[in-house]
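Structure at a glance
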Amino acid sequence: MQSPENAAALADIVRHAAAHDTPLRLAGSGTWQHAGGPFVSDSPVSLAALRGVIAYEPGDLVITVGAGTTLSDLDAATRPHGQMLAVHPYGSPHGTIGACVATASPAPLALGDLATRDLVLGLDVVTGTGEVTRVGGRVVKNVAGFDLVRLHIGAWGTLGAITEVTLRLHAIPQVDAIMVGTLEQDIAHALPALVANRAPLPMIVRLRPNRPAEVWARVSGNTQRAAALTDRLAALGVTALSHVANADALRETPSNAVVLRARTAVSDAAPFVLAAQRAFPDAELLYDPAKGSLRIVHSLAQLDGTGAPLDARIAQLMTTAATNGAQHAVSVVVDQGRTTPHTRNAIEQGLKRAMDPRDVMNRYEGVHASEPQHA
């Protein structure tokens, strides 16, 4: 595996790959290798050496780090200054910030319901032509022209390799605790109340087969605010409340699982989640009442066994949600465990042609013919 130590060395690798039609498989810590694909993996390139703090101004709440910096390293650098990244994305703490940005990994219990994309101010990227580019900046107000930062967030490294990330930080609250309890009511009755009354509590409803429904909530602020939020949880019908050390039990995702992101309007919470339970009875479901999003984690082995195919289950989810009374469309994307190639739409094809015309960056398996697709 090639492991460049700076952006210039990576650019040389990319230019050589483009000249010889060699697809590159980008990797950080290797914890996301089963996600987003399937990708051609013949020529792996590790970005782990692009690691460490490049610039940090605690007074500005802004930090620039190499893309190979792990989330745990980032926390170690900022915590002594009373600061933190406000999101803790799904996956391992040993995953890299570059991978989190490239996958647009959602984050359960993010402070202020922020998403990873809300905290990225700027990126350095090596494109598929070997050009080293900088998008965004190192200050909060830096938007001019097209927002090319957002273009790379969630592109799965198919438009370029992220080498540096500039992030906005937040001060660590006086109290910042994770609390877990169980729901008194069944899901059909409890979810509408949670959606309507949960603010300002970051919250995840966790549903597992043959287990009571759990509510995970982030209680933060000063002492008085934390106490008030805890009272609110009890008022929402969450019982047997207790503190847990962290939210790692929510964040950890087995590599041999299919992970789906499903979403619809929060007003359709109950019919949507009930339909997902019916379509994926053996899965773990994590519902975010703030965003109306549902993370579905299902064993790949079970799915490949006697169960219904993935596409059939997704279709059942959409149909059943509508039958149950959902008024809005449901969107579903595969986050991990994709078994068929992704088909690019016309806009994606144009972006790919502009930024990676030889299709060398994280090339999808099964979509490459004898000649480069975008030559």
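Anyway, here's the lowdown on the structure attached to this text.

Calculation criteria
Residues numbered from 1 in each chain as written. Predicted model: local features only at pLDDT ≥ 70, side-chain atom pairs only at ≥ 80, totals over all residues. Heavy atoms only, no water. Helix = DSSP H or I, 4+ residues; strand = E, 2+ residues; numbered from the N terminus. Rg over C-alpha atoms; globule rule 2.2 N^0.38 Å. Buried < 20%, exposed > 50% of the residue type's maximum accessible area, 1.4 Å probe, protein only. Arc of directions from axis to C-beta. Contact = heavy atoms within 4.5 Å. Polar contact = N/O pair within 3.5 Å; in protein donor to acceptor, adjacent residues only side chain to side chain. Pairing = 2+ DSSP bridges. Axes fitted to C-alpha atoms, helices over the stretch in contact; angles between N-to-C directions.

Let us look at the overall build of the protein. Counting its regular elements, the protein contains 12 helices and 17 strands. Relative to its length of 375 residues, the protein is compact, with a C-alpha radius of gyration of 21 Å against a globular reference of 21 Å. Dimensions of the protein, computed from C-alpha atoms along their principal axes, come out at roughly 60 × 55 × 35 Å. Residues classed as buried in the protein amount to 51% of the 375 residues present.

So, on to helix α2 (residues 71–78). Those residues of α2 that fall on the buried side of the exposure criterion are L71, L74 and T78. Angular distribution of buried residues about the axis of α2 spans 60 degrees; they occupy a single face of the element. Tucked into the core, α2 has its buried residues touching β3 (53–57), β4 (62–66), β5 (83–84), α3 (97–103), β8 (160–168) and α8 (248–251).

This paragraph deals with helix α6 (residues 187–197). For α6, the full list of buried residues reads I187, A190, L191 and L194. Taken end-on, α6 shows its buried residues confined to a sector of 100 degrees, consistent with a single buried face. What points out from α6, more than 90 degrees from its buried face, is the exposed set H189 and A196. In this structure, the buried side of α6 is in contact with β10 (175–183), β11 (203–207), β12 (214–221), α9 (269–279) and β15 (284–288). With a side-chain oxygen lying 3.2 Å from the backbone nitrogen of A188, the N-terminal cap of α6 falls on D186.

This next bit is on the sheet that holds β3. Ordered by their spatial adjacency, 5 strands build an open sheet running β3-β4-β8-β6-β7, and the pairing between neighbours is antiparallel. This sheet does not close on itself; its edge strands, each paired only once, are β3 and β7 (132–136). Adjacent strand axes in the sheet meet at a mean angle of 15 degrees when their direction is disregarded. Inspection of the sheet shows strand β6 (residues 120–127) paired to β7 by 5 bridges, in the antiparallel sense. Each residue of the ladder has a partner; that of D124, found in β7, is R134.

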